Amino acid sequence: YTGGFAFTDFVATGGYDLTSNGGKDIGITKTNSNGSKIWSTFMGTSGEDNLENLSCSNNGLYVAALGTSDQSSSSFATTGVARSSGKEYCVLLRPNGTRSWGSYTIDRGQDYPSSIEVTGSGNIIVMNSNFQLEKFNLQGSKSTQLNISNNNIEIYDLCTDNKGYLYAAGAI
């Protein structure tokens, strides 16, 4: 999988969103081992969107992104997910390019989703730039929210092991 800004010459084929949503959208492409395109899709809200992080699993591609303006549930979030409005969002794209779900994550003003990890059980953990974590299940429902830092620690990245333990790396 590759992702970045979808410039005017980006052509979406086979993904869930084949047209630009306005502003600056994200473009995501899945290729095979030979580099041939399998599918590509636009992703975004009506404003400008920034791809912050990607994480893969057998369930598909998890995308963490940031929009420039608050959006309502009718424009992006899947019905019944954790949050229905905000700027920070995450999405699960199935291996075939269709969207499984989308949800807004922790929204604290100037934050952005800085890391996204998939646990061994298929849950995802999203960390924002203020070191707050949200855990989502495979259906996009939030199960946990936790602040993992204080003023003396800056956390830069997360990873999980095969037992589901979460590791955070940063600086003191």
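Below is a short write-up of the structure. (Residues numbered from 1 in each chain as written. Predicted model: local features only at pLDDT ≥ 70, side-chain atom pairs only at ≥ 80, totals over all residues. Heavy atoms only, no water.)

1. Describing the overall build of the protein
Looking only at helices and strands, the protein has zero helices and 13 strands in total. Walking the protein from its N terminus toward its C terminus, one meets helices and strands in the order β-β-β-β-β-β-β-β-β-β-β-β-β. The buried share of the protein, taken over its 172 residues, is 43%. For the protein, the proportion of contacts with a sequence separation of at least 24, taken over those separated by at least 6, is 45%. (Helix = DSSP H or I, 4+ residues; strand = E, 2+ residues; numbered from the N terminus. Buried < 20%, exposed > 50% of the residue type's maximum accessible area, 1.4 Å probe, protein only. Contact = heavy atoms within 4.5 Å.)

2. Quick word on the nonpolar core
Membership of the largest hydrophobic core is limited to eleven residues, which are I26, I28, W39, M43, L61, V63, A65, Y89, V91, L93 and Y104. Every element with two or more residues in this core is listed here: strand 2 (26-31), strand 3 (37-43), strand 5 (60-71) and strand 6 (86-93). Counting residues in each nonpolar core, the second largest holds ten residues, with Y62, A64, I124 and V126 among its members. (Core = buried A, V, L, I, M, F, W, Y, C linked by side-chain atoms within 4.5 Å.)

3. Observations concerning the pattern of salt bridges
Applying the stated criterion across every chain, the model contains one salt bridge. Ionic pairing is found between K24 and E48, a salt bridge with its closest N-O pair at 4.0 Å. Here K24, found in the loop between strand 1 (2-5) and strand 2, pairs with E48, found in the loop between strand 3 and strand 4 (49-57); they are 24 residues apart in sequence, far enough to count as distant. Owing to a relative accessible area of 39%, E48 belongs among the partly exposed residues under this scheme. (Salt bridge = Lys/Arg side-chain N within 4 Å of Asp/Glu carboxyl O.)

4. With respect to the sheet that holds strand 3
Ordered by their spatial adjacency, three strands build an open sheet running 1-2-3, and the pairing between neighbours is antiparallel. Single-partner strands in this sheet number two, and they are strand 1 and strand 3. On average, each strand axis in the sheet is inclined to that of its neighbour by 20°, with strand direction left out of account. Both strand 1 and strand 2 contribute to a ladder of four bridges, which runs antiparallel. Pairing of G3 across the sheet is with I28, part of strand 2. (Pairing = 2+ DSSP bridges. Axes fitted to C-alpha atoms, helices over the stretch in contact; angles between N-to-C directions.)

5. Focus on the environment of I28
With respect to the helices and strands, I28 occurs in strand 2. The sequence separation of I28 and T2 amounts to 26 residues, and the corresponding C-alpha distance is 5.7 Å. Setting aside anything within four residues of it in sequence, one finds I28 in contact with T2, G3, F10, W39, S40, T41, M43, L61, V63 and L93.

6. Here's the deal with the environment of K30
Within the secondary structure, K30 sits in strand 2. Sequence-wise, K30 and S40 are ten residues apart; in three dimensions their C-alpha atoms are separated by 6.2 Å. Each residue touching K30, except ones within four places of it in the same chain, is listed here: Y1, S36, K37, I38, W39 and P95. Separated by 3.0 Å, the side chain of K30 and the backbone oxygen of P95 make a polar contact. (Polar contact = N/O pair within 3.5 Å; in protein donor to acceptor, adjacent residues only side chain to side chain.)

7. Quick word on the side chain of D17
Along the chain, D17 falls in the loop between strand 1 and strand 2. Notably, D17 is buried but unbridged: the nearest opposite-charge side chain belongs to R99, and the N-O separation is 7.9 Å. Engagement of the side chain of D17 in a polar contact is seen with the backbone nitrogen of T19, the distance being 3.3 Å. Apart from residues no more than four positions distant in its own chain, D17 is found in contact with A12, T41 and F42. (Lys, Arg positive; Asp, Glu negative; His and termini not counted.)

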